[in-house]
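So the chains spell out like this:
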Amino acid sequence: MFKYFLLDRLRNKTAVFWILIFPLALMICFTVAFGNLTSADDIDMKQTAVIRAGSNDMYYESFNSVLEELTKPGSNRDGALLFINEYEDEEAVIKALEEGDLDLAFKVYDDKIETLLPKDYSITACGVGKTIADTFMNNSKLINAALEVNPLEAQKLIQNIGESIDFLTAKKSDFVDESPNAYLWYYYSTFVMGILFNALSGVEMTGNIKADNGYHAMRVSVCSKKKIKLILTSYAALLTIALAVNVFQLFIMKTFLDVPLGTNITKLIAFVVSCNVFSIAFGTLCGCLLKGNSDSKCNKTTAIIMTSSFLSGEMVCQLPGLIESVCPIINDINPATIMNMAFFRLAYTTSDLDFYSNLIKIVALAVICLTASILLLRRERYASL
Amino acid sequence: MHHYKYFFKLLKQNRNGIIIYGIITIVMFIALTVSAKDIMDDVGISAERKSYAVSYVDNDNSELSKGLAEYLSKSNEVTDYGDKDDTEISNMVYFHITDYHMNIPDGFMDSVEAGNNDNLISYETGNGNFSSAAYDIGNRINTFLNMYRSYRAIGLSVEEAVSKTNDTIVDESEISIVAADNDTVEVSAEDTVIFNINQYYPYLILGMMSMGIGYTILITNKKETVDRCSVSPVPPYMTKLTNTLGLLTSGLVCWLLFTVFNFVYGAGSEIISNYGYVILINSFLTTMIACALSSLLTTFIKSASSLGMVTNIVSLSMAFLCGVFVPMRFIGENVLNFSKFLPFYWTILANNMTSSVQSKYSYDAKQLMICFVVEALFAVAISFIAIILNSKRIIKE
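Residues numbered from 1 in each chain as written. Chains lettered and ligands numbered in written order. Predicted model: local features only at pLDDT ≥ 70, side-chain atom pairs only at ≥ 80, totals over all residues.

## Quick look at the overall build of chain B
Link 1 in the chain: If you tally the helices and strands in chain B, you get 16 helices and five strands.
Link 2 in the chain: The C-alpha atoms of chain B give a radius of gyration of 29 Å, which is well past the 21 Å a tight globule of 397 residues would have.
Link 3 in the chain: Taken along its principal axes, the extent of the C-alpha atoms in chain B is 100 × 50 × 40 Å.
Link 4 in the chain: Going through the 397 residues of chain B one by one, you find that 46% of them count as buried.
Link 5 in the chain: Residue pairs in contact within chain B that sit at least 24 positions apart in sequence constitute 75% of those at least 6 positions apart. (Helix = DSSP H or I, 4+ residues; strand = E, 2+ residues; numbered from the N terminus. Rg over C-alpha atoms; globule rule 2.2 N^0.38 Å. Buried ≥ 20, exposed ≤ 12 C-beta atoms within 10 Å, placed from the backbone. Contact = placed C-beta atoms within 7 Å.)

## A few points about the packing of helix H10 (residues 236-265) of chain B against helix H11 (residues 270-300) of chain B
Residues and elements named next belong to chain B.
Link 1 in the chain: Put simply, H10 and H11 touch, their axes get as near as 10 Å, and they point 155° apart. When the axis of H10 is compared with that of H11, the two are roughly antiparallel. Judged by the sense of rotation from one axis to the other, the crossing of H10 with H11 is right-handed. Taken together, the residues of H11 that come into contact with H10 (itself represented by Thr 244, Leu 247, Leu 248, Gly 251, Cys 254, Trp 255, Phe 258, Thr 259, Asn 262 and Phe 263) are Ile 272, Gly 276, Ile 279, Leu 280, Ser 283, Phe 284, Thr 287, Ala 290, Cys 291, Ser 294 and Ser 295.
Link 2 in the chain: Of the residues in the contact of H10 with H11, the class split is 12 nonpolar, nine polar and no charged. (Axes fitted to C-alpha atoms, helices over the stretch in contact; angles between N-to-C directions. Parallel < 35°, antiparallel > 145°, perpendicular 65-115°, else oblique. Left-handed = near helix turned anticlockwise from the far one by under 90°. Nonpolar A, V, L, I, M, F, W, Y, C, P; charged D, E, K, R; others polar.)

## A look at the interface of chain A and chain B
When the parts come together, some accessible area is lost, and that loss is often what is quoted as the size of the interface.
Link 1 in the chain: The interface is formed by 73 residues belonging to chain A together with 72 residues belonging to chain B.
Link 2 in the chain: Of all the elements, helix H6 (residues 123-149) of chain A adds the most residues to the side of chain A that touches chain B, at 12 residues.
Link 3 in the chain: Residues belonging to the side of chain A that touches chain B are distributed by class as follows: 44 nonpolar, 15 polar and 14 charged.
Link 4 in the chain: In this structure, strand E4 (residues 113-118) of chain A lies alongside strand E5 (residues 175-178) of chain B, joined through four bridges in parallel fashion. Of the residues in E5 of chain B, the one forming a bridge with Thr 115 of chain A is Ile 175 of chain B. (Pairing = 2+ DSSP bridges.)

## Some details on the pairing of strand E3 (residues 104-108) of chain A
Residues and elements named next belong to chain A.
Link 1 in the chain: By the criterion of burial, E3 is predominantly enclosed, with five of the five residues buried.
Link 2 in the chain: Burial along E3 is two-sided: Leu 104, Phe 106 and Val 108 and Ala 105 and Lys 107, pointing in opposite directions, are all buried.
Link 3 in the chain: Inspection of the sheet shows strand E1 (residues 46-52) paired to E3 by five bridges, in the parallel sense. Paired with Val 50 across the bridge in E3 is Phe 106.
Link 4 in the chain: Relative to E4, E3 runs antiparallel, the two being bridged by four bridges. By the bridge assignment for E4, Lys 107 is matched with Glu 114.
Link 5 in the chain: Between E3 and E4, which pair antiparallel one after the other, the connecting turn spans four residues.

## Re the pairing of strand E2 (residues 77-80) of chain B
Residues and elements named next belong to chain B.
Link 1 in the chain: Pairing analysis gives four bridges linking strand E1 (residues 53-58) to E2, with the strands arranged parallel. When the sheet's bridge partners are listed, Tyr 56 is paired in E2 with Asp 80.
Link 2 in the chain: Remark: the E1/helix H3 (residues 63-73)/E2 crossover connection has right-handed handedness. (Right-handed = clockwise from strand over helix to strand, strands pointing away.)

## Comments concerning the sheet that holds strand E2 (residues 82-84) of chain A
Link 1 in the chain: Spatial strand order, E2(A)-E1(A)-E3(A)-E4(A)-E5(B): five strands in an open sheet with mixed pairing. Edge positions in the sheet fall to E2 of chain A together with E5 of chain B, since each of these pairs with one other strand and no more. The average angle at which neighbouring strand axes cross in this sheet is 30°, direction not considered.
Link 2 in the chain: Along the sheet face, helix H5 (residues 90-98) of chain A touches E1, E3 and E4 of chain A together with E5 of chain B and points at about 155° away from the line of E1 of chain A.
Link 3 in the chain: Against the sheet, H6 of chain A makes contact with E1, E3 and E4 of chain A together with E5 of chain B, and its axis sits at roughly 175° relative to E4 of chain A, the strand it touches most.

## Re the domain arrangement of chain A
Link 1 in the chain: By domain assignment, chain A separates into domain 1 (2-34 + 175-378) and domain 2 (44-159).
Link 2 in the chain: Domain 1 of chain A and domain 2 of chain A are separated by 54 Å when their C-alpha centres are compared. (Domains from an automatic or database assignment.)

## Focus: the confidence of the model for chain B
Residue and element names in this part refer to chain B.
Link 1 in the chain: Per-residue confidence for chain B averages 84 on the pLDDT scale, and 92% of its residues sit at or above 70.
Link 2 in the chain: By mean pLDDT, helix H2 (residues 16-42) is the weakest element of chain B at 75, and helix H14 (residues 343-352) is the strongest at 94.
Link 3 in the chain: The complex prediction reports pTM at 0.77, with the ipTM value standing at 0.73. (pLDDT = per-residue confidence, 0-100.)

## Examining the nonpolar core
Link 1 in the chain: Counting 135 residues, the largest nonpolar core has Met 339 and Ala 342 of chain A as its most contacted members.
Link 2 in the chain: Leave out the neighbours within four places in its chain, and Ala 342 of chain A touches Phe 271, Phe 355, Asn 358, Leu 359 and Ile 362 of chain A.
Link 3 in the chain: Counting 35 residues, the second largest nonpolar core, distinct from the first, contains Ala 146 of chain A together with Ile 137, Met 147 and Ile 169 of chain B. (Core = buried A, V, L, I, M, F, W, Y, C linked by C-beta atoms within 7 Å.)

## Observations concerning the environment of Glu 63 of chain B
Residue and element names in this part refer to chain B.
Link 1 in the chain: Here Glu 63 lies in helix H3.
Link 2 in the chain: Separated by 95 residues in sequence, Glu 63 and Val 158 place their C-alpha atoms 7.3 Å apart.
Link 3 in the chain: Once residues within four sequence positions are removed from consideration, Glu 63 is found in contact with Val 158, Glu 159 and Val 162.

## Looking at the environment of Ala 347 of chain A
Link 1 in the chain: Within the secondary structure layout, Ala 347 of chain A lies in helix H16 (residues 335-348).
Link 2 in the chain: Taking the C-alpha atoms as reference points, Ala 347 of chain A and Glu 114 of chain A, separated by 233 residues in sequence, lie 42 Å from one another.

## What to know about the sheet that holds strand E4 (residues 121-124) of chain B
Link 1 in the chain: With mixed pairing, five strands are arranged side by side in an open sheet as E5(A)-E4(B)-E3(B)-E1(B)-E2(B). Of all strands in the sheet, those with a lone pairing partner are strand E5 (168-170) of chain A together with E2 of chain B, marking the two edges. Adjacent strand axes in the sheet meet at a mean angle of 25° when their direction is disregarded.
Link 2 in the chain: The pairing of strand E3 (residues 100-104) of chain B with E4 of chain B spans three bridges and is antiparallel.

Spelled out as structure tokens, the structure:
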């Protein structure tokens, strides 16, 4: 019987597509689309110019000497950071900015620097300009203060002004290394969404057992086996396929897509098993409660999954926070939120208690769904058969 | 006419796909409206710095840690989470109630004084530790602490150094955006919504045409229906013709509704005022491409589930490769070179020209014209292939 349900499921191409192919296809799309984001952040040489708007010679000269340093090869990973263009006056610089000949320009006053950007400025040009201006203004103030308070130390300070210590460290995580990919969460939430799609298998499982869903189900329902055995065997077959699919997806994620999966295999297995147990059980309950034929039930369940994913912040990441402040119970019962949160705790926090408490919640929900479905399915009788 | 009416009767009976894509469109619109401000901050449309929700637990309780919190609170919303346990904090981070949470360890000030990094501030942000909040707030914290060290190095006391750092630190140097007199650099929330909904339009209309309307074509392509028609006094090509006309009519209705939305919602926006005609033509050509693609897909696909699979793969892969979901400027040159062979690339390129502030692509009339011509050619070419395949099928049947 187990083999029967296993083969029946594997021959369903649509199901295989949604739980196996679709999440992987999405992940490959992410890799193609996000693959260049890191290199897009690389800073290429910026065309710049300087406008003098003040009469403080020292301030202007000091700023120019800082910019000169940044025009030298080696000031950037790929060579020089800036190329300084000479223009006759301010009007010419403004015109060059308007026409897109310059990436940015600096306007030097007596005690401050203003960064000028063209209309279609790049984020890196904005960041480079602002960092140069802020750093120069801060250092200038610092040196002035040092010259007032302790001229002897000021000299030493000027020599070491470029030195900077990093006082921050990202919270230790089993998943994320020192230079995390900003887009990792997309892979994780797609993996979770793929698990949630197993609910469709649960719906079809009930479709194969409820005799009013077609000849196939009629045949199953009149067999001599006990209904509960049929349900549990079918459930076990679906779970086996779902777990095999997840293992394959995790292998692809780790090997080909370079998505870190941490070192705590036990936790990862616990997460994958409990989430699959839940999603299939959730699907069986949907299959029992929703009206219509198998296709119609699948469509309705897809709508529920999509709504659940939407409320969990799949599209608008601020949404769960908004719900948490208005009606937190929605987050407590929303399957996608619970599963995403469990994955977040698996990936980013070290507290075992937090992680396992979420898993217990998921398993408890699975037991409720499965018990309810068994009670509903085994009591059904078909007078017309 | 009878066939044409029958198409819409069937469409009405099988409206689930249309309803689903209608809901997706509405949800996307609501999501865009709600997150317009965040989109503007994320893509750097606004040169003004975003204020973040920062939380902290201060285990050091020193002059320096208090000074740091005071400094951050000048331009952010800073909250002390000292009374919350780890689970509560984890929830706050997950739900983005706090953008940046930091834990200042005991003995932190002593480490800074010694110039070592034995007791570092550990931080966490929602969805991983690499975000604009992590970069911005992290940069501020390091600038503050390094400046404090410099003040200490010239002989100021701890209190003086903290106070002096707080007074003199500059992290908001002035930024101005230069534009010609007739150009605008201001982007309203309406502009953001209009620009982005037009960015998503190719994905939505292809889904709507293929999975919403295409499903009806599949029903008319069923063997039973074809057999029934073949014994009626209706020429074989009539079914295909009415399918095509029905598809085109549905596409035009969708385009009209979308256009009405664009011009009503974005009535006061700069995009509609300056580039309304671009939006109009571009969305029309995109609709034609979607109709042609839908016609092509329904030619060789037999079942609704296969149609769903193929449409999802085609629409999602084109959406990712052509810059629908990820801005074109972030996509690699090699990928974009390949994308030029896909119709949505030209749609997105044309749409990018309607808001150079948001897309960083400048308006270029010549380039825009090329986009329109290529889009039209794609629509014609795909339709032509669909007609050939359909003709072969009619002959075969």
